[in-house]
Amino acid sequence: MIKVLMVCLGNICRSPLAEGILRSKVDSDKIFLDSAGTGAWHVGHLPDKRSIEVAKRNGIDITYQRARQFSEDDFDSFDLIYVMDKENLKAVQSMALTKEQRDKVHLILDVVKGTKYREVPDPYYGGEQGFDFVFQLLNEACDQIANNLLNEK
Ligand code: 4NP
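In short, a report on the structure.

What counts and what doesn't
- Residues numbered from 1 in each chain as written.
- Predicted model: local features only at pLDDT ≥ 70, side-chain atom pairs only at ≥ 80, totals over all residues.
- Heavy atoms only, no water.
- Buried < 20%, exposed > 50% of the residue type's maximum accessible area, 1.4 Å probe, protein only.
- Helix = DSSP H or I, 4+ residues; strand = E, 2+ residues; numbered from the N terminus.
- Arc of directions from axis to C-beta.
- Polar contact = N/O pair within 3.5 Å; in protein donor to acceptor, adjacent residues only side chain to side chain.
- Near = heavy atom within 4 Å.
- 1 Å grid on protein atoms, 1.4 Å probe; cavity = no way out; pocket = protein on both sides within 12 Å on 5 of 7 lines; lining within 4 Å.
- Sits in = over half its atoms within 2 Å of the grid points.
- Nonpolar A, V, L, I, M, F, W, Y, C, P; charged D, E, K, R; others polar.
- Contact = heavy atoms within 4.5 Å.
- Patch = residues over 30% accessible without salt bridge, like charges linked within 9 Å, V, L, I, M, F, W, Y side chains within 5 Å.
- Areas by Shrake-Rupley, 256 points an atom, 1.4 Å probe, with all protein chains shown as cover.
- Salt bridge = Lys/Arg side-chain N within 4 Å of Asp/Glu carboxyl O.
- Lys, Arg positive; Asp, Glu negative; His and termini not counted.
- Charge placed at Lys NZ, Arg CZ, Asp CG, Glu CD.
- Pairing = 2+ DSSP bridges.
- Right-handed = clockwise from strand over helix to strand, strands pointing away.

**Regarding helix α4 (residues 86–93)**
Among all positions of α4, only Asn88, Leu89, Val92 and Gln93 are buried. Burial along α4 is one-sided: seen end-on, the buried residues are contained in an arc of 120°. Exposed positions of α4 whose direction lies more than 90 degrees from the buried face are Glu87 and Lys90. Capping of α4 at its N-terminal end is provided by Asp85; its side-chain oxygen lies 3.1 Å from the backbone amide nitrogen of Glu87.

Here it is, written out as structure tokens:
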């Protein structure tokens with residue numbers, strides 16, 4: 001079982017989508033998935049309505065998810081930790097105690113070859129359109145991650 005954690009700031013917009021999208025592309029018997037936020041403001045909350053909607057428009061249900069905060073234990077519980085932006089990267093890597101833990105953390109868009117984007121922008125204070133763009137970016141990244149996971153097994 002390979003364990004993959006998606007991380008953003010609030011765990012209500014981007015990482016729940018990343019979790020849901022990747023879940024739709026992998027075998028759940030072989031891959032364990034979860035998501036978390038570096039911040040605690042939304043712990044216990046459903047994903048943002050706009051993330052739920054964009055996922056639904058694309059045939060994905062993320063309403064089973066509830067936000068939680070990233071913790072040090074996640075370094076031991078997960079093999080791969082994908083973060084959405086450089087702020088998340090800094091926040092998560094600063095909690096790592098060993099090189100092995102630090103090396104588990106990756107900017108999610110780094111898996112997409114030739115993309116001009118390095119970060120998944122925070123869509124929280126914007127409109128619907130931002131969520132469509134985030135979905136598009138994450139869909140492309142998750143295609144690549146699903147492929148990588150298949151080759152690892
Ligand atoms: P996320 O978006 O990190 O993609 O879940 C955000 C959600 C909430 C806040 C910031 C970003 N907030 O400041 O409450």
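**So, the site of the ligand**
Around the ligand, a shell composed of Cys8, Leu9, Gly10, Asn11, Ile12, Cys13, Arg14, His42, Asp122, Tyr124 and Tyr125 is seen. Between an oxygen atom of the ligand and a main-chain N or O atom of Ile12, the distance comes to 3.0 Å. Take Cys13: an N or O atom from its main chain is 2.9 Å from an oxygen atom of the ligand. Spatially, the ligand is embedded in the largest pocket. Looking at the shell around the ligand residue by residue, the classes come out as 6 nonpolar, 3 polar and 2 charged.

**Description of helix α2 (residues 49–57)**
Three or more residues of α2 are buried, namely Arg50, Ser51, Ile52, Val54 and Ala55. Close packing links the buried residues of α2 with α1 (14–23) and α6 (128–152). A distance of 2.8 Å separates the backbone nitrogen of Arg50 from a side-chain oxygen at the start of α2, and that oxygen is part of Asp48. Looking one or two residues beyond α2, the residue adopting positive phi is Gly59, at roughly 80°.

**A few points about a negative patch on the surface**
A cluster of acidic side chains, namely Glu72, Asp73, Asp76 and Glu100, defines a negative patch on the protein surface. For Asp76, the location among the structural elements is in helix α3 (residues 74–77). Residue classification places Asp76 among the exposed residues on the basis of a relative accessible area of 61%.

**Focus: the pairing of strand β2 (residues 31–37)**
When you tally the buried positions in β2, you get 5 out of 7 residues, the bulk of the element. Sheet topology places strand β1 (residues 2–8) next to β2; 7 bridges connect them, and they run parallel. Among the inter-strand pairings, Leu5 is bridged to a residue of β2, identified as Asp34. The parallel pair β1 and β2, bridged by α1, forms a crossover whose chirality is right-handed.

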